[in-house]
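This is what each chain is made of:
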Amino acid sequence: MGGTFDPIHNGHLASAQTVADIFQVDEVHFVPAFSPPHKQAREITSPFHRFAMVALATLPFSGFRTSTIEVDALEKRYTVETLEEMGRQYAGAGLLFIVGTDMYQEIGTWKDYRHLFDLAHIVVVNRPGFPFREDIAPFRVLTEKHPVTLPEGPSAGNAVFYLPFVQQPISSTEIREDLKRGGEVRQWIPSQVWSYIEKNKLYS
Ligand code: ATP
Ligand code: MG
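Cut-offs used in this document
- Residues numbered from 1 in each chain as written.
- Chains lettered and ligands numbered in written order.
- Predicted model: local features only at pLDDT ≥ 70, side-chain atom pairs only at ≥ 80, totals over all residues.
- Heavy atoms only, no water.
- Helix = DSSP H or I, 4+ residues; strand = E, 2+ residues; numbered from the N terminus.
- Rg over C-alpha atoms; globule rule 2.2 N^0.38 Å.
- Buried < 20%, exposed > 50% of the residue type's maximum accessible area, 1.4 Å probe, protein only.
- Contact = heavy atoms within 4.5 Å.
- Areas by Shrake-Rupley, 256 points an atom, 1.4 Å probe, with all protein chains shown as cover.
- Near = heavy atom within 4 Å.
- Polar contact = N/O pair within 3.5 Å; in protein donor to acceptor, adjacent residues only side chain to side chain.
- Nonpolar A, V, L, I, M, F, W, Y, C, P; charged D, E, K, R; others polar.
- Pairing = 2+ DSSP bridges.
- Core = buried A, V, L, I, M, F, W, Y, C linked by side-chain atoms within 4.5 Å.
- Salt bridge = Lys/Arg side-chain N within 4 Å of Asp/Glu carboxyl O.

J.: Run through the overall build of the protein, naming residues and quoting values.
T.: Along the protein, the regular secondary structure elements total seven helices and seven strands. In sequence order, the protein lays out its α and β elements as β-α-β-α-β-α-β-α-α-β-β-β-α-α. The C-alpha atoms of the protein give a radius of gyration of 16 Å, which matches the 17 Å a tight globule of 204 residues would have. The dimensions of the protein, computed from C-alpha atoms along their principal axes, are 50 × 35 × 35 Å. Here the protein holds 204 residues, and 45% of them are scored as buried. Pairs at least 24 apart in sequence give 71% of the contacts found in the protein among residues at least 6 apart. Looking at the protein as shown, the accessible area adds up to about 10,500 Å², and 51% of this sits on carbon and sulfur atoms.

J.: Let's hear about the site of ligand 1: which residues, and what values?
T.: Around ligand 1 lies a shell of 23 residues, among which D102, R127, Q168, S172 and T173 are the nearest. With respect to ligand 1, the backbone of T4 contributes an N or O atom lying 3.0 Å from an oxygen atom. Protein coverage of the free-state accessible area of ligand 1, which is 590 Å², stands at 94%. Those elements giving two or more residues to the shell around ligand 1 turn out to be β1 (2-3), α1 (10-23), β4 (96-100), α4 (101-104) and α6 (172-180). Among the elements that take part in the shell around ligand 1, α6 stands out by supplying three residues, more than any other. Here the shell around ligand 1 is built from residues that sort into six nonpolar, 12 polar and five charged.

J.: Residues and numbers for the pairing of β4, please.
T.: A large share of β4 lies buried, amounting to four of its five residues. Pairing analysis gives five bridges linking β4 to strand β5 (residues 121-125), with the strands arranged parallel. Across the sheet, the residue bridging to L96 is H121, located in β5.

J.: Residue-level account of the pairing of strand β7 (residues 160-163), with values.
T.: Burial along β7 is two-sided: V160 and Y162 facing one way and F161 and L163 facing the other are all buried. Note that β5 and β7 share four bridges and pair parallel. If you follow I122 over to β7, its bridge partner there is V160. Relative to β7, strand β6 (residues 140-141) is paired through two bridges, and the arrangement is parallel. The partner of V141 across the bridge, within β7, is Y162.

J.: Outline the nonpolar core, listing residues and values.
T.: Ranked by size, the top nonpolar core spans 36 residues in total, and within it I8, F23, F30, M53, F161, L163 and I197 carry the most contacts. Residue assignment for this core shows that the elements contributing at least two residues are α1, β2 (28-32), α2 (47-58), β5, β7, α6 and α7 (191-199). With residues near it in sequence (within four places) discarded, F23 still touches L96, V123, L142, V148, L150 and F161. In this structure, V99, I136, V160 and Y162 belong to the second largest nonpolar core, which totals 23 residues.

J.: Got a sec to walk through the pattern of salt bridges? Specific residues and values, please.
T.: Per the counting criterion, the structure on display carries eight salt bridges. The partner of R77 in a salt bridge is E75, and the shortest N-O contact between them spans 3.4 Å. In this structure, D178 engages R181 in a salt bridge whose closest nitrogen and oxygen atoms are separated by 3.3 Å. Looking at R181, the relative accessible area reads 64%, which means it is exposed.

J.: Before we move on, can you summarise the sheet that holds strand β3 (residues 64-66) with the specific residues and values?
T.: Here we have three strands laid out as an open sheet, ordered β1-β2-β3, and parallel in their pairing. Here the strands that pair on one side only, and so sit at the sheet edges, are β1 and β3. Pairing of β2 with β3 involves three bridges; the strand directions are parallel. Across the sheet, F30 pairs through a bridge with T66, a residue of β3.

Purely spatial values, then, with no claim about function.
Quick look at the structure:
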């Protein structure tokens, strides 16, 4: 699951957990972007702070990892490059790319987007307010949280799955705006991330 994670919130964690349960994955790698190519209009929090918050949020989950792959690059990386590199790092493993309906809507504008579908299964989680685009690729809808067995190994018949039942109406944008107003959006952020934000006076 790639993202800006500015900051990471419970919507990211809950969506990832749902996908992990359904596909019985060994690990979920959260990949904070160094500098997201599509997000240069606003001031983005340092990748090191964003990485730290992801690390704190994922620590209690044994299967959740925080990936340095994009921040290590120290320059912007495209998802297709990251998936290629992960495919090399985890040769022999099947990859799933988790993405919300908001990002999936725009996937046609991403670098080499067709190649993404060769590199990984794409798991699209519903994001309230953002309809699933059906015209991008053939897909399968999963109507409930029921285990799905994927073919073993890399690129063995990659598919697109859509999970309409994911309902996590929260965004980092709303969290940042609320914090700027002095709000207390604690219920949407793991407590250790909240402490980190307070301690480092982020978003104030
Ligand atoms: P921002 O408001 O700054 O864009 P965000 O909440 O959208 O932040 P991102 O880091 O942009 O978080 O998202 C990373 C990934 O997680 C994207 O694929 C996005 O679609 C997905 N995602 C984020 N929030 C949710 C949510 N509430 N439900 C489902 N998917 C989500
Ligand atoms: Mg976003």
